[in-house]
Amino acid sequence: MIIAEIGQAHDGSLGQAHAFIDALAGTGVDAVKFQTHIAEAESSPYEPFRVKFSYQDATRFDYWKRMEFSFDQWSGLKAHCEEKAMEFISSPFSIQAVELLEKLGVKRYKIGSGEVSNFLMLEKIAQTGKPVMLSSGMSSYAELDQSVEFLKNRGADISILQCTTAYPTSPGLWGLNVINELSSRYNVPVGFSDHSGDIFACLAAASLGATIFEFHVVFDKRQFGPDSASSLQVDDVAKLCRGIKQIQMATQNPIDKNDNSKFSELKQIFEKSLSLNKAKRKGERILIEDLEAKKPGNRGIPASNYASVVGKKALRDIQQWEFITSEMLSGN
């Protein structure tokens, strides 16, 4: 599953949110993800800004308030996604947000890194019986063990995304090694949630077996918002989707290097046969410096067998650039 996260890139504008959906349609993403914030239920005036980017919000509570949409507006966004053949996903950050998303009829839940230990909300989500994607960004294995056990004990169908909570994430912090660690430790589908701001991290994750991909998107990295620098620009999304799908096709079709039968015709074209770079009279010996290798590879003695020719005598006159066959040479 390839998930393009709009997150807060709409900056509270319903029109912008719909514009993102239109822009992502046809790029190859399977789902568009938002974040459902209900300020009173998840925050307070004491919550500090992660990045002090806003010129219009005195507190982060004010920011979350400005990011809210009504139920009808969320319903319109979901319908728009489905009209464009993309699944609507939104990460909840409160019990009330889960209740709103349940009313909307979402198919699954994505849990942000900061909510992995929010067992109160996880209890509510587990009760829905819907699949849960956990982002592991701020969790140690000890913490993740507890969350996975909590959800599995409640029968939840879970997947886990390797994620590094750094904005943007430099290559040294991608944590690609964790993909296989998560897979072997929990035996669940494993994905990659990216904040690098480019296409390369997800492509690398695809080559290592990740099956779920999530990344932030913006129209332009210069636009207003806390995640712009760590997001992909919409114009790069189609290329990323093609790359992921091609890498998955490659990894699902291993090549048997012992079987090169399909190249038999090409081998004749590209491989070479032995030839003389100068004329030789009958009875003269063939020296290594007399030899050249020329295409195609089916005109005489293969170039790989040059040693069997060196020192042999010509049984007849051989012209310059003539291909050499075993019938032309003496046995000693």
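Notes on the structure follow. (Residues numbered from 1 in each chain as written. Predicted model: local features only at pLDDT ≥ 70, side-chain atom pairs only at ≥ 80, totals over all residues. Heavy atoms only, no water.)

**Things to note about the nonpolar core**
In plain terms, the rule: Take the buried Ala, Val, Leu, Ile, Met, Phe, Trp, Tyr and Cys residues and link them wherever side-chain atoms come within 4.5 Å; each set so joined is a nonpolar core. Exposure categories follow from relative accessible area, calculated using a 1.4 Å probe and restricted to protein chains: below 20% of the type maximum is buried, above 50% is exposed, and the middle band is partly exposed. Only DSSP runs of H or I covering at least 4 residues are called helices, and only runs of E covering at least 2 are called strands; the numbering of each starts at the N terminus. Whether two residues touch is decided by their heavy atoms; if any such pair falls within 4.5 Å, the residues are in contact.
Counting residues in hydrophobic clusters, the biggest one holds 63 residues, and the most contacted among them are Phe34 and Phe215. When residues of this core are assigned to their parent elements, the largest contribution, five residues, is made by helix H9 (residues 200-207). In this view, phenylalanine 215 contacts Ile2, Ile3, Ala4, Glu5, Val29, Asp194, Cys202, Leu232, Val237 and Leu240; residues no more than four positions away in its chain are not counted. The next biggest cluster of nonpolar side chains, apart from the first, holds 11 residues, and it includes Leu276, Ile301, Val309 and Ile318.

**A look at the layout of surface pockets**
To keep it simple, the criterion reads: A pocket, in this scheme, is an open set of points on a 1 Å grid over the protein atoms alone with protein on both sides within 12 Å along at least 5 of 7 lines, while a cavity is a set where a 1.4 Å probe fits but cannot get out; residues line either one if an atom lies within 4 Å of a point. Grid points are joined across faces, edges and corners, and a volume is the space filled by probe spheres set on the points. Residue polarity follows a fixed list, in which Ala, Val, Leu, Ile, Met, Phe, Trp, Tyr, Cys and Pro are nonpolar, Asp, Glu, Lys and Arg are charged, and the others, Gly among them, are polar.
Of the voids in this model, the largest pocket is the one considered here, and its volume is about 580 Å³. Gln35, Phe93, Ser113, Gly114 and Tyr167 are, among the 30 residues lining the largest pocket, the residues nearest its centre. It is helix H3 (residues 60-67) that provides the largest number of residues to the lining of the largest pocket, a total of three residues. Considered class by class, the residues forming the lining of the largest pocket number seven nonpolar, 13 polar and 10 charged.

**Observations concerning empty space enclosed by the protein**
In total, this model carries two cavities of 30 Å³ or more according to the counting rule given. In this structure, the largest cavity spans a volume of roughly 60 Å³. In terms of lining, the largest cavity is formed by Ile6, Gln8, Ala9, His216, Val217, Val218, Phe224, Gly225, Pro226, Asp227, Ser228 and Ser231. With three residues, strand E8 (residues 212-218) is the largest single contributor of residues to the lining of the largest cavity. Considered as a void within the structure, the second largest cavity measures approximately 30 Å³ in volume. Thr164, Thr169, Trp174, Phe192, Ser193, Asp194, His195 and Ser196 together form the lining of the second largest cavity. Of the residues contributing to the lining of the second largest cavity, the split by class is two nonpolar, five polar and one charged.

**A look at unusual backbone geometry**
Of the consecutive residues tyrosine 167 and proline 168, the connecting peptide bond is found in the cis state with omega at -10 degrees. Looking at the element boundaries, proline 168 is found in the loop between strand E6 (158-163) and helix H8 (177-186). The residue after lysine 295, namely proline 296, is reached through a cis peptide bond having omega 5 degrees. Within the secondary structure, proline 296 sits in the segment after strand E11 (291-294).

**Section: H9**
Judged by how many residues are buried, H9 sits mostly within the fold: six of eight residues are covered. Listed as buried for H9 are Ala201, Cys202, Leu203, Ala204, Ala205 and Ala206. Buried residues belonging to H9 abut H8, strand E7 (190-194), E8 and helix H10 (237-251). In the segment just after H9, glycine 209 is the residue with positive phi, at about 105 degrees.

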